[in-house]
Every structure is written in structure tokens, then in C-alpha cells.
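Structural characterization, general
Single-letter residue listing:
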Amino acid sequence: MFAMACHGAIELGPKMAGTGCPSITSFSSGLMKYIFVTGGVVSSLGKGLTSAALGALLEQRGLTVRLQKFDPYLNVDPGTMSPFQHGEVYVLNDGAETDLDLGHYERFTCGELSRLNNLTSGQVYETVLTKERRGDYLGATVQVIPHVTDIIKERIYAGGSEDVDVLITELGGTIGDIEGLPFLEAMRQFALEVGRDDVLFLHCTLLPYLKAAGELKTKPSQQSVAKLREIGIQPHILVCRTEQPMNNEMRRKLSLFCNVPVKAVIEEMDVETSIYELPLALKAENIDDLVIEHLGLDAPDNDMKVWHDVVRRLKAPGHKVEIGVVGKYIELQDAYKSVYESITHAGIANDASVRVIRIDAEDIEKDPAKYLASLDGILIPGGFGDRGTEGKIIAAKFARENNIPYFGLCLGMQIAVIEFARNVAGLENANSTEFDPHTPHPVIDIMQDQKDLTTKGGNMRLGACPCELADDSFSIHAYGMKTISERHRHRYEFNNTYLDQLKNAGLRIGGINPERQLVEIVEMPDHPWYVGVQFHPEFQSKPNAAHPLFANFIAAALKYKK
Ligand code: GLN
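Parameters and conventions
Within each chain, residues carry numbers counting from 1 in the order of the written sequence. Since the coordinates come from a predicted model, pLDDT governs what is reported: local features require at least 70, and pairs of side-chain atoms require 80 or more to be given and counted, while whole-chain, interface and lining totals use all residues. Side-chain descriptors were evaluated using all non-hydrogen atoms of the structure, hydrogens and water having been removed beforehand. Numbering of helices and strands runs from the N terminus, with a helix taken as a DSSP run of H or I at least four residues long and a strand as a DSSP run of E at least two residues long. Every radius of gyration here is taken over C-alpha atoms, with the globule rule written as 2.2 Å times N^0.38, N being the number of residues. Residue burial is assigned from relative accessible area. The probe radius is 1.4 Å, only protein chains are included, and a residue is buried under 20% of its type maximum, exposed over 50%, and partly exposed in between. Throughout, a contact is declared for two residues whenever any of their heavy atoms are within 4.5 Å. Working definition of accessibility: Shrake-Rupley area with a 1.4 Å probe, residue cover restricted to the visible protein chains. Each axis is a line fitted through C-alpha atoms, taken for helices only over the stretch in contact, and angles between the N-to-C directions span 0 to 180 degrees. Every angle not falling under 35 degrees, over 145, or within 65 to 115 is termed oblique; those three ranges are roughly parallel, roughly antiparallel and roughly perpendicular. Classification convention: Asp, Glu, Lys, Arg as charged; Ala, Val, Leu, Ile, Met, Phe, Trp, Tyr, Cys, Pro as nonpolar; all other residues, Gly among them, as polar. A pair of strands is considered paired only if DSSP assigns at least 2 bridges between the two. For this purpose, a residue is taken to be near a molecule or strand whenever a single non-hydrogen atom of the residue falls within 4 Å of it. Polar contact is the term for a pair of N or O atoms within 3.5 Å; when the atoms are in protein, one must be able to donate a hydrogen and the other to accept it, and sequence-neighboring residues count only if both atoms are side-chain atoms. Residues belong to a common nonpolar core when they are buried Ala, Val, Leu, Ile, Met, Phe, Trp, Tyr or Cys residues joined through side-chain atoms within 4.5 Å. Stacked, edge-to-face and tilted are the three classes for Phe, Tyr and Trp ring pairs, Trp counted by its six-membered ring, which pair at centre distances within 6.5 Å; planes under 30 degrees apart are stacked, over 60 edge-to-face, the rest tilted. We call a crossover right-handed when, viewed with both strands directed away from the observer, the connection leading from the first strand over the helix to the second proceeds clockwise.

1. Side note on the overall build of the protein chain
- Scanning the protein chain for helices and strands turns up 20 helices and 24 strands.
- Here the C-alpha atoms of the protein chain give a radius of gyration of 25 Å, agreeing with the 24 Å that 2.2 N^0.38 yields for 562 residues.
- In terms of overall dimensions, the protein chain has C-alpha extents of about 75 × 65 × 50 Å along its principal axes.
- Looking at the protein chain as a whole, 58% of its 562 residues are labelled buried.
- Summarising the internal contacts of the protein chain: among those between residues at least 6 apart in sequence, 76% fall at separations of at least 24.
- Accessible area of the protein chain: about 22600 Å², with a carbon and sulfur share of 50%.

Next up, the structure:
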């Protein structure tokens, strides 16, 4: 999607409590190795988490890791897909709208990802067809092999850079999907090209448990490995998702039928408390040793202190707090993935367990106090379209009037502005032109330069933009620095025509984009903690380095807890 990004390369985000990345010596070999992760039997196996956790393990051993996702669907990117279809759209610094697995990659590992790290069939075919129309194929018949597979292989080569030791490429979907075949074929060819010793295939599978028989079944896994072998791929490691522990007999059986050594049959049980236990759970199965041995890497073992610390804090929190998330896609676990993860990270930073109460914005309208009065903090995440907006405005008002810490993300900031305009500044029926194109007071609107882009077919402000923070604001106190960089994904902006009027009525402008004078942060000064941000801080938080605004929001919720 054509987008209005602020500018290209930008320094990475806010100063956090450390970078979230371990200070370990790099043992870079100078030679790149490749891991391909596939999935069998069913979708939603957690391949993305497994890939991210493996990345974390290899990083702990001093290796520089990058992760990449191949999605076989035909959309060019997930930017146009509904959260009901696809969960959250994860945005990178360069403005790429990507699969939510890239969020796991960035949370578990340190390398910065770019639009090169997410490839869809839509992009592959778009590239091939553009080349064909330009005459680049010089009269050849254009085919899946080699033309489509060549584009995929180019992306594998481009996925790392000179300083990367290991590139992990995860293939979305399940073995047997028609759309996934060109990707698997490209991976097979790639392994032949670079040499088998530099490539490792890891296959994630499910062992269903039959209660009546009291048994874990291996047949579906055998069949999905057989399908892989049919197209010339022999997995080296089998990661088995299972609800019950595997016994040795089970491991031997899988080894025999799937042609994988017994020690490479890895058990992956559901984790107890949190996804952040996964690196340690996989380490207990020695998966990192297997990878390092197979790829001939020289990387000393590590005690995983960073991850032990994260898990210890998660499991024995000293405090408790209750946060209401008021949204539109409340029933969907994945729609606000990064928001929920960032809340967890902020809990870790504050030694608190955070109970998230998910509230459907439409429910609030009838009886706000019933849903909101007992909360220690209220968060309104991003969103599009007008369903539920009046309920969100009521929630923002409730937080402001009752001194409940409030955190508005993107749409949540726009909601705060509308609420303040209507109920404090006296601008009756103030609104965003997204929800009411004829509002008498368009306090949130599309800016003229963005409107010009609309005619060209795209009009989102996407990716990292700088923001200068106001002195004595909640925000500068949280970040501890004057200039920050945060990621955006929105069309509408604070309308500066109303800037003076809203400021005079008591709204604090906490941050401004220095290039276009856009309001990035609004705050309520006489309030325990009330911050609305036009950007998406949830895309820059890590379990061991909570985003400063999330960390301060939870700290405020704890401090003013009823
Ligand atoms: N719908 C709003 C806009 O487009 C907010 C978008 C968001 O929350 N990501 O500006």
C-alpha cells in the first residue's frame, strides 16, 4: 500500500529500561546458516512462537539471528485484512504492514525487521507479473518453476545481512496447502544451492490425545512428514505440540516413521503461565544444541539468565492490578495481540500481575459505572470505523472524571480529544470526520497533504516518526528523553485548527511531530495519569524491557488502586 511514511531510516524507539537485548559477546561465524520452519496437521500450532523462541535461544548463545515469515495467501500484505480474518496487523519501523508473527519475532529477539522480512504469494506474483509485462523474461514462458520460485529464493537471500549468522524462515499455513507448494519447492532448491550442511528443516506438528484410548497419536505427524518428503524435504527436527508428555516409546516411534533421530524429536507442551516460558521449555529439550551441532556453529552455551528472570517475575508477582481494555474486537484473542503483550511486559516491570478485563465498547453505553467503576486503569486501543465509538467516548469521560489512569492508543487518543472537546471545551457534537463527515467541529480530520495522497490511492501515515515531548509531561517523565520515535498506522490526525481552543480549555499537548507540527500526544494535567498517543507504542515493547508508557500506566494504576 502506498503510504505516507515520515522518512526512511530512523533511530530505534524510546529509551527503555535497557534495550531488552542481552549484552553478550557475538560469536559470528561470518557464514550464514538457514533454518526453515514448517507446520503440519493443523494451523495455529504456534509455529511463530516456536520460531521466535528458537531465535531467542540462539541469540543467547551469541549468534546474530533474523526471522522472516512467508505467507502463502494472495493478499499483498495483511493491511487490508479484517482482524477477524487475520488478527492484528503488525507495523514495522519502515511502515510495512505485516503478519502478527513478526511481533513475536521482535519481542523475542533483537534484530530490527523490515518489509523484506514478510513475503506473501501476492507480492511474489505481483513481482513476477510486473517483470513479465516489462518484457524482462525475454519471450520465455513464465512458470511457477523457475520464475516464481526464483523470486522466493531471492527473498531468502535478502532476508539476512552480512552480520547475520542464522536466518529463520517460517512458512505460514499447513503442509498440504496448495498455496504453500511454491514456497516449499523454493526452500528445497535453496538447500541444494547453498549446501545441505548450512540448512536445517524444522517441522512443527501436533500429537492429538485420544481420551478414550488414553493415547497420543502419531499418525497425522507421520503423514505430514511423508508429504514433506514427497516434495524432497526431510525434516531434521520434529517439534511436537502435545497436551500430554511423550514417553520414550512415542519418541522412538516418531523417530522411526519420520526418519528423524530420537534426540531430534522435541516435546513442546502447552506452557503453564506465559508464552515467555517457551525458550526455557525448548532449551530443556536441547533444541539449541541440536541446531548448533547440525549447522556446525561454534557458539558456547548460556545460562539463559534473562529468560529465567522474566519467568520468575511472571510467576511470583508481588502486586495485582485490573485493567479494562475497551474495544471492538474484544472476543478475538489476536486482534490486540501486541497491546496485551505490552501490558504483560509492564506487569513484569512493576512486579505485578495484570488482570485484563475485556470490555465491548457497545456494552458500556447503557451503564458505564457497571463496567468501569471497579477498574484500576482504562485502555482504549486502536481501531477503524464508527461502531462502538460512543461507548469509548463514555469510557474516556469516565476515566477523566473519576481519576482512573487512562491510556489511549491511536484511536484511543482521538477518542480522548473528541471527549474533551465535547465535554470540557463545549464544542457540541465535536467528532472525527471518520465517524461523522458533517460534524460542526471536526477536531480529528484528514490533513490536506494526506487527502492529496488519497487521490493517489493510499493515505495512511505508516511507520516510525519522530516526536518531541513537552517538558513536565507524563510522557517525558516516562521516556526520560526529549525526542522519541514511534510507529504509526492511521489516516486521521488531531486538527490543529482547534489547537489553541483545546489548549486554553486545559488539554496538555504532550508531544509534537517536529516535521509537520502534528499533535502526537495529549494529556490531562490535573489527573493521576491520562495519556493519549497518536502512535502505537505496543509495537516496541519487550518482556524484559517494557515500553516506558505502558510501564508508567501500570505503575499509575498500582499507585491509585482502590
Ligand atoms: N481510525 C483511526 C484513523 O484512521 C485510528 C486508526 C488506529 O487506531 N490505528 O486515524
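2. Notes on the packing of helix α11 (residues 305-315) against helix α12 (residues 337-349)
- In contact at an axis separation of 9 Å, α11 and α12 are set at 90° when each is read in the N-to-C sense. As far as their axial angle goes, α12 and α11 are roughly perpendicular. Together, Val310, Arg313 and Leu314 of α11 and Thr344, Ile348 and Ala349 of α12 make up the contact between the two elements.
- Looking at the contact of α11 with α12 residue by residue, the class counts come to four nonpolar, one polar and one charged.

3. Observations regarding the sheet that holds strand β8 (residues 199-206)
- The sheet built from seven strands is open, its strands ordered β6-β3-β7-β2-β8-β11-β12 with parallel pairing. At either end of the open sheet lies a strand with only one pairing partner, and these are β6 (118-120) and β12 (265-269). Strand after strand, the sheet turns through a mean of 20° between neighbouring axes, direction not considered.
- The strands touched by helix α3 (residues 101-108) are β3 (65-71), β6 and β7 (166-171); relative to β3, the strand with the most contacts, the crossing angle is about 175°.
- Contacting β11 (237-242) and β12, helix α8 (residues 248-258) crosses the sheet at an angle of about 125° to β12.

4. Some points on the site of the ligand
- Every residue near the ligand is listed here: Gly382, Gly383, Phe384, Cys410, Leu411, Gln414, Glu434, Arg489, His490, Arg491, Tyr492 and His536.
- Between the ligand and Glu434, the relevant distance is 2.7 Å, taken from a nitrogen atom to a side-chain nitrogen or oxygen of the residue.
- Within the side chain of His536, an N or O atom sits 3.2 Å from a nitrogen atom of the ligand.
- Look at the ligand: alone it shows 290 Å² of surface, and the protein chains cover 99% of it.

5. Quick look at the side chain of Thr433
- If you trace the backbone, Thr433 turns up in the loop between β17 (431-432) and β18 (442-445).
- A distance of 2.7 Å separates a polar atom in the side chain of Thr433 from a polar atom in the side chain of Asp445.
- Leaving out residues up to four positions away in the same chain, Thr433 has contacts with Thr439, Pro442, Ile444, Asp445, Ile446 and Tyr492.

6. Focus: the nonpolar core
- In terms of nonpolar packing, the biggest core is built from 59 residues, with Ile35, Leu58, Leu202, Ile237, Leu254 and Ile287 touching the most fellow members.
- Leave out the neighbours within four places in its chain, and Leu58 touches Ile35, Leu63, Val65, Val166, Asp288, Val291 and Ile292.
- Core analysis: the next-biggest nonpolar cluster, separate from the first, contains 40 residues, Ala396, Ile444, Leu502 and Val519 among them.

7. Topic: the pairing of strand β24 (residues 530-533)
- Side chains Tyr530 and Gly532 project from β24 onto one buried face, and the interleaved Val531 and Val533 project onto a second face that is buried too.
- Here four bridges tie strand β16 (residues 406-409) to β24, and the two strands are oriented parallel to one another. Looking across to β24, one finds that Leu409 is bridged to Val533.
- In this sheet, β24 lies alongside strand β23 (residues 518-523) in antiparallel orientation, the contact comprising three bridges. Paired with Ile521 across the two strands is Val533, which belongs to β24.
- Adjacent in sequence and paired antiparallel, β23 and β24 are bridged by six residues.

8. Details of the packing of aromatic side chains
- Going through the model one piece at a time under the given rule, you end up with 16 aromatic pairs.
- On the numbers, 5.5 Å between centres and 80° between planes, the contact of Phe407 with Trp529 is edge-to-face. Placement of Phe407 in strand β16 and of Trp529 in the loop between β23 and β24 is noted, with a sequence separation of 122 residues between them.
- Under the relative-accessibility criterion, Trp529 is labelled buried at 4%.

9. Structural notes on the environment of Gly195
- Mapped onto the elements, Gly195 comes out in the loop between α6 (181-194) and β8.
- For Gly195 and Lys33, which are 162 residues apart along the polypeptide, the C-alpha to C-alpha distance reads 10.0 Å.

10. Details of the pairing of β12
- The element β12 is extensively covered by neighbouring structure, given that four of its five residues are classed as buried.
- In this fold, the crossover linking β11 to β12 by way of α8 has right-handed handedness.

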